[in-house]
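Observations on chain architecture
One letter stands for each residue in the lines below.
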Amino acid sequence: MFLTVKLVCNQVATMLTVSILLLSGCDTKQPVPRTSESMTIEPRLGVGPIKLGMPMDEVTAVLGDPEKRMGSSLLYLGLGFAIVPGRNNSVASIMVGDLDGGQPVEAFKGKTKGGLGLGASYQEIIEAYGEPESRDGPVAELTKREESRHGIKTLNYQSVNLTFTFREERLVSIWLQ
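Residues numbered from 1 in each chain as written. Predicted model: local features only at pLDDT ≥ 70, side-chain atom pairs only at ≥ 80, totals over all residues. Heavy atoms only, no water.

Let us now look at the overall build of the protein. Per the secondary structure count, the protein includes five helices and 11 strands. Among the 177 residues that make up the protein, the fraction classed as buried is 39%. Long-range pairs, those at least 24 residues apart, make up 51% of the contacts in the protein between residues at least 6 apart in sequence. When the accessible surface of the protein is summed, it comes to about 10500 Å², and 55% of that surface belongs to carbon and sulfur atoms. (Helix = DSSP H or I, 4+ residues; strand = E, 2+ residues; numbered from the N terminus. Buried < 20%, exposed > 50% of the residue type's maximum accessible area, 1.4 Å probe, protein only. Contact = heavy atoms within 4.5 Å. Areas by Shrake-Rupley, 256 points an atom, 1.4 Å probe, with all protein chains shown as cover.)

Turning next to the sheet that holds strand β3 (residues 50-51). Within the open sheet, the four strands sit side by side as β3-β2-β1-β8. Their pairing is mixed. Strand pairing shows two members of the sheet lacking a second neighbour, β3 and β8 (111-112), which therefore form its edges. Sheet analysis places strand β1 (residues 40-42) next to strand β2 (residues 46-47), joined by two bridges and oriented antiparallel. Residue pairing across strands places I41 opposite V47, the latter belonging to β2. (Pairing = 2+ DSSP bridges.)

Strand order in the open sheet formed by seven strands is β4-β5-β6-β7-β11-β10-β9, with antiparallel pairing between adjacent strands. At either margin of the open sheet sits one strand with a lone partner, and together these are β4 (68-70) and β9 (152-157). The sheet shows a mean angle of 20 degrees between the axes of neighbouring strands, direction not considered. Inspection of the sheet shows β9 paired to strand β10 (residues 162-167) by six bridges, in the antiparallel sense. If you follow Y157 over to β10, its bridge partner there is L162. Sheet strands in contact with helix α2 (residues 56-63) are β5 (73-76), β6 (81-85) and β7 (91-97), and its direction is about 15 degrees off that of β5. Here helix α4 (residues 122-129) sits on the sheet and contacts β9, β10 and β11 (170-176); the angle it forms with β9, its principal contact strand, is near 10 degrees. (Axes fitted to C-alpha atoms, helices over the stretch in contact; angles between N-to-C directions.)

Glancing now at the nonpolar core. Ranked by size, the top nonpolar core spans 34 residues in total, and within it V59, F81, I83 and V96 carry the most contacts. For this core, the secondary-structure elements that each account for two or more residues are α2, β5, β6, β7, α4, β9, β10 and β11. The greatest single-element share of this core, amounting to four residues, is contributed by β11. Not counting the four nearest positions on each side in its chain, F81 is found in contact with M39, L63, L74, L75, Y76, I94, M95, V96 and F108. (Core = buried A, V, L, I, M, F, W, Y, C linked by side-chain atoms within 4.5 Å.)

We now examine unusual backbone geometry. A positive phi is found at E168, a non-glycine position, where the angle reads about 50 degrees. Of note, E168 is situated in the loop between β10 and β11. A relative accessible area of 60% places E168 in the exposed class. With a phi angle near 70 degrees, E169 is a residue other than glycine that sits in the positive phi range. By the secondary structure assignment, E169 is in the loop between β10 and β11.

Here's what the structure looks like:
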């Protein structure tokens, strides 16, 4: 009988300890990122904690609500990127920066694994990734219309699902698919 009482007391103490830890904030949920500085752009994978193929509800669980929505896309302007869902409501592509320059380009502070970020030169990208498979990409039509007027150029690396867009020879967006 004494052994049974001691065993019950140990179980109650264990449950009480676990309850106190849970209530005191021992939580496995990651804090919402406030900056993109430590985020790495990884070809075929994603940007920081956001991975291609990740369910969109997980994106908002990790990043919180976006500052803006454009259709079904989530725009995290303060972090400098947009998340575009596919048909199955998972991340189909991530656009870092902005074709027009402005806030997203200024906000995104992350880099590729090779240390290149927005603002890198056209030549630096070619040196890091080699010759592109094409100089067209998701913004090819815009590029053809606007290149002469705004100095927009595109390098597309289909083998790693990356498209780099430049404005006046400086990187303003990276598109991961």
